[in-house]
Amino acid sequence: DTAVSQTPKYLVTQMGNDKSIKCEQNLGHDTMYWYKQDSKKFLKIMFSYNNKELIINETVPNRFSPKSPDKAHLNLHINSLELGDSAVYFCASSQDGRGRMNTEAFFGQGTRLTVV
Amino acid sequence: RKEVEQDPGPFNVPEGATVAFNCTYSNSASQSFFWYRQDCRKEPKLLMSVYSSGNEDGRFTAQLNRASQYISLLIRDSKLSDSATYLCVVTASGGYNKLIFGAGTRLAVHP
């Protein structure tokens, strides 16, 4: 069974469209994340939720809106897609995002988004 | 200055070689330290946590120097399967598990 699964794996869409990426984890973790890996392979955190509560919100355009219906799911909705949004988006989860050190993060396989 | 800086790659080494990666971080309040491994077009996976006392896992040895804000990873007896990008990762201060990644160092082990 896949611990952190995200769909779709590939997404090609036109500028201006709205799209969503879904993520689910079956590890029983309290905290989930969205990371973006750009063309230079640099991984940067975008958002983090702990038990459905937003705890990290980096400087991200408000076209990006995360949503956590429950602690096992964290979806990412992107409005009005731009060329610069092309990247690989990774979902991740960890046992506890607050105050616990050395907590391993488990990543999904990534969603490769291409905006044309 | 980037929060986490790593040696630029790629490192091309023959099988059996010993290779060392270095990493520095800028925030002295960083609390936890890791090395992650990322294979081409795959997700990052934890290789090992890094402790102040240094730690070893088989052919891999990680060291942390808090005074110098420096982390290292040593790989002995390199295998072809070690070829990957190695990511130095620290957590930000503030009590949340916010992982800050370095840009990664690519390792290519050849026969």
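Residues numbered from 1 in each chain as written. Chains lettered and ligands numbered in written order. Predicted model: local features only at pLDDT ≥ 70, side-chain atom pairs only at ≥ 80, totals over all residues. Heavy atoms only, no water.

**Here we look at the pairing of strand 4 (residues 33-38) of chain B**
Residues and elements named next belong to chain B. Among the 6 residues of strand 4, 6 are classified as buried, and the element is accordingly described as predominantly covered. By the alternation rule, side chains of strand 4 split into Phe 33, Trp 35 and Arg 37 and Phe 34, Tyr 36 and Gln 38, which are all buried. The sheet contact formed by strand 4 and strand 5 (residues 44-50) spans 6 bridges and is antiparallel. Residue pairing for strand 5: Arg 37 is matched across the bridge by Lys 45. The turn linking strand 4 back onto strand 5 is made up of 5 residues, and Arg 41 within it adopts a positive phi angle of 60°. (Buried < 20%, exposed > 50% of the residue type's maximum accessible area, 1.4 Å probe, protein only. Helix = DSSP H or I, 4+ residues; strand = E, 2+ residues; numbered from the N terminus. Pairing = 2+ DSSP bridges.)

**Some remarks on the state of the cysteines**
Following the criterion strictly, the structure yields 2 disulfides over all chains and no others. Disulfide pairing places Cys 23 of chain A opposite Cys 91 of chain A at an S-S distance of 1.9 Å. Residues Cys 23 of chain A and Cys 91 of chain A share a disulfide whose torsion about the S-S bond is about -80°; that sign makes it left-handed. Here Cys 23 of chain A is found in strand 3 (residues 19-25), whereas its partner Cys 91 of chain A is found in strand 9 (residues 87-94), with 68 residues between them in sequence. Each member of the pair, Cys 23 of chain A together with Cys 91 of chain A, is buried. The disulfide bridge from Cys 23 of chain B ends at Cys 88 of chain B, spanning 1.9 Å between sulfur atoms. One quick way to see it: the torsion about the S-S bond of Cys 23 of chain B and Cys 88 of chain B is about -75°, and its sign makes the bridge left-handed. Separated by 65 residues along the polypeptide, Cys 23 of chain B in strand 3 (residues 19-25) and Cys 88 of chain B in strand 9 (residues 84-91) bring together distant segments of the chain. Since its relative accessible area comes to 1%, Cys 23 of chain B is described here as buried. (Disulfide = S-S within 2.5 Å.)

**Quick notes on the interface of chain B and chain A**
Accessible area lost during the coming together of the parts is what is often quoted as the interface size. Each side of the interface is counted separately: chain B has 21 residues, and chain A has 26 residues. The interface formed by chain B and chain A includes 1 salt bridge. Here Lys 98 of chain B ties to Glu 58 of chain A by a salt bridge, and the two come within 3.0 Å at their closest N and O atoms. Counting every contact that joins chain B to chain A gives 4 residue pairs in polar contact (both at pLDDT 80 or more). Every element with two or more residues in the side of chain B that touches chain A is listed here: strand 4, strand 5 and strand 10 (99-101) of chain B. Per-element tally for the side of chain B that touches chain A: the top contributor is strand 4 of chain B, with 4 residues. Class assignment for the residues of the side of chain B that touches chain A results in 11 nonpolar, 6 polar and 4 charged. (Contact = heavy atoms within 4.5 Å. Salt bridge = Lys/Arg side-chain N within 4 Å of Asp/Glu carboxyl O. Polar contact = N/O pair within 3.5 Å; in protein donor to acceptor, adjacent residues only side chain to side chain. Nonpolar A, V, L, I, M, F, W, Y, C, P; charged D, E, K, R; others polar.)

**With respect to the pairing of strand 8 (residues 70-75) of chain B**
All names here are of chain B. Two elements, strand 3 and strand 8, share 6 bridges in a ladder whose sense is antiparallel. Counted as the bridge partner of Phe 21 is Leu 73 from strand 8. Two elements, strand 7 (residues 60-65) and strand 8, share 6 bridges in a ladder whose sense is antiparallel. Opposite Leu 64, over in strand 8, you have Ile 71 as the bridge partner.

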